[in-house]
Amino acid sequence: MSELESKEVEAYLQQHPEFFHEHLELLENISIPHPSGSAVSLISKQLELFRLRHHEMETQLNALIEIARDNDNSANKMHELTLAVLEADSLEMAIENLNVVLAECFLTDFFTVKIITDVEHDVAIADLFIDPECEDLAHFSKELKSNQAFCGRPTLAQAKFLFADNALEVQSCAIIPMAFTEIEALLAIGSRDADKFHFSMGHLFLTQMSEIIGTRFAALLKKS
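Since we're looking at a predicted model, the values are computed, not measured.

Participant: Help me out: how do you make sense of the overall build of the protein in this one?
Facilitator: On a plain count of helices and strands, the protein comes out with eight helices and seven strands. The 224 residues of the protein split such that 31% are buried. The contacts in the protein between residues at least 6 apart in sequence include a share of 56% that link residues at least 24 apart. When the accessible surface of the protein is split by element, carbon and sulfur atoms take 54% of a total near 14700 Å².

Participant: Mind showing me how you'd approach unusual backbone geometry here?
Facilitator: Comment: phi is negative for the bulk of residues other than glycine, and the bulk of peptide bonds are trans. With phi around 55°, leucine 107 is a residue other than glycine that occupies positive phi space. Accessibility expressed as a relative area gives 57% for leucine 107, which makes it exposed. At alanine 164, a residue that is not glycine, the phi angle is positive and equals roughly 50°.

Participant: Quick question: what am I supposed to make of the packing of aromatic side chains here?
Facilitator: Aromatic ring pairs are defined here through the distance separating the ring centres and the angle between the ring planes. Within this structure, the stated rule accounts for four aromatic pairs. Their ring planes at 80° and their centres at 6.0 Å tell us that tyrosine 12 and phenylalanine 19 sit as a pair that is edge-to-face. Taking the relative accessible area as the measure of exposure, tyrosine 12 reaches 40% and is therefore partly exposed. Ring geometry for phenylalanine 106 and phenylalanine 205: centres 5.8 Å apart, planes at 45°, overall tilted. You can see phenylalanine 106 sitting in the loop between α5 (91–105) and β3 (110–116) and its partner phenylalanine 205 sitting in helix α8 (residues 204–221), a full 99 residues away along the chain. Given a relative accessible area of 9%, phenylalanine 106 falls into the buried group. Take phenylalanine 205: its relative accessible area is 26%, and that puts it in the partly exposed class.

Participant: Can you help me understand the state of the cysteines in this one?
Facilitator: Throughout the structure, instances matching the rule amount to zero disulfides. Left without a disulfide partner, cysteine 173 is nearest to the cysteine sulfur of cysteine 151, which lies 7.9 Å away. Look at cysteine 173 and you get buried, because its relative accessible area is 0%.

Participant: Could you clarify how one ought to interpret a nonpolar patch on the surface in this entry?
Facilitator: There is a patch of nonpolar side chains on the surface, built from Leu4, Val9, Tyr12 and Leu13 and spanning about 350 Å² of accessible area. Relative to the helices and strands, tyrosine 12 resides in helix α1 (residues 6–15).

Participant: Please explain the environment of alanine 149 as it appears in this structure.
Facilitator: Structurally, alanine 149 is set in the loop between α6 (141–146) and β5 (150–152). For alanine 149, a relative accessible area of 10% gives the class buried. Separated by 28 residues in sequence, alanine 149 and proline 177 place their C-alpha atoms 6.3 Å apart. Apart from residues lying up to four places away in sequence, alanine 149 is in contact with Ile175, Ile176, Pro177, His203 and Leu206.

Participant: I keep staring at the sheet that holds β3 and nothing clicks. Help me out?
Facilitator: For sheets, the rule is that strands pair by backbone hydrogen bonds, running either parallel or antiparallel. Reading across from one edge, β4-β3-β7-β6-β5 is the order of the five strands in this open sheet, with mixed pairing throughout. Edge positions in the sheet fall to β4 (129–130) and β5, since each of these pairs with one other strand and no more. Pairing of strand β6 (residues 172–179) with strand β7 (residues 184–191), which is carried by eight bridges, proceeds in the antiparallel orientation. Bridge pairing links alanine 174 to isoleucine 189 in β7. Helix α7 (residues 156–163) contacts β3, β4, β6 and β7 of the sheet and is inclined by roughly 85° relative to β3. Sheet strands touched by α8: β3, β4, β5, β6 and β7. Its angle to β6, the strand with the most contacts, is close to 50°.

What counts, and at which threshold
- Residues numbered from 1 in each chain as written.
- Predicted model: local features only at pLDDT ≥ 70, side-chain atom pairs only at ≥ 80, totals over all residues.
- Heavy atoms only, no water.
- Helix = DSSP H or I, 4+ residues; strand = E, 2+ residues; numbered from the N terminus.
- Buried < 20%, exposed > 50% of the residue type's maximum accessible area, 1.4 Å probe, protein only.
- Contact = heavy atoms within 4.5 Å.
- Areas by Shrake-Rupley, 256 points an atom, 1.4 Å probe, with all protein chains shown as cover.
- Phe/Tyr/Trp six-rings, centres within 6.5 Å; stacked < 30°, edge-to-face > 60°.
- Disulfide = S-S within 2.5 Å.
- Patch = residues over 30% accessible without salt bridge, like charges linked within 9 Å, V, L, I, M, F, W, Y side chains within 5 Å.
- Salt bridge = Lys/Arg side-chain N within 4 Å of Asp/Glu carboxyl O.
- Pairing = 2+ DSSP bridges.
- Axes fitted to C-alpha atoms, helices over the stretch in contact; angles between N-to-C directions.

And the structure:
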């Protein structure tokens, strides 16, 4: 009777995974090479693999928990922001509320709004309204044309237009265009932290923010 080839043994064990359950005594005599060069029993190797898989699953679970926690945190922040603008009965109050909620909930340092219109409104906020023909808007042509938010370090011209005397303190910012039927504006959130807003950030959250703020601003402008 010829000796079994290793492939035949492998095929048999694959077809009969319960084999060692029925022959536990064999496990004590079986050893397999270890990367270090020594030999370990099959049980030890199986335990090692089990621990490795357990660690991988635990890492994946922790990552999912962290994502869920971040999503909950983002949802809570958006809820606070929504309440901030809905509770305001004037444009001035809405901007004041946004200043507070962005600083406290989003940990930002600077916030500004520029509403692009040639219609006069009775609002006591300096430099809030910008004429559509203003030359400084050329610094934001990309954002306004694409209606896409920008995240990263602003140019000096952008920072001066948006943040005035605080321009040099802004190390990163989010410039968010708001283009609605009844309002066109730029919303800018700045930070002293260069890593707070970076170019690789997703824009979905910022777009949702602009929709909430822009819709409320449009309604409040009708009252001014």
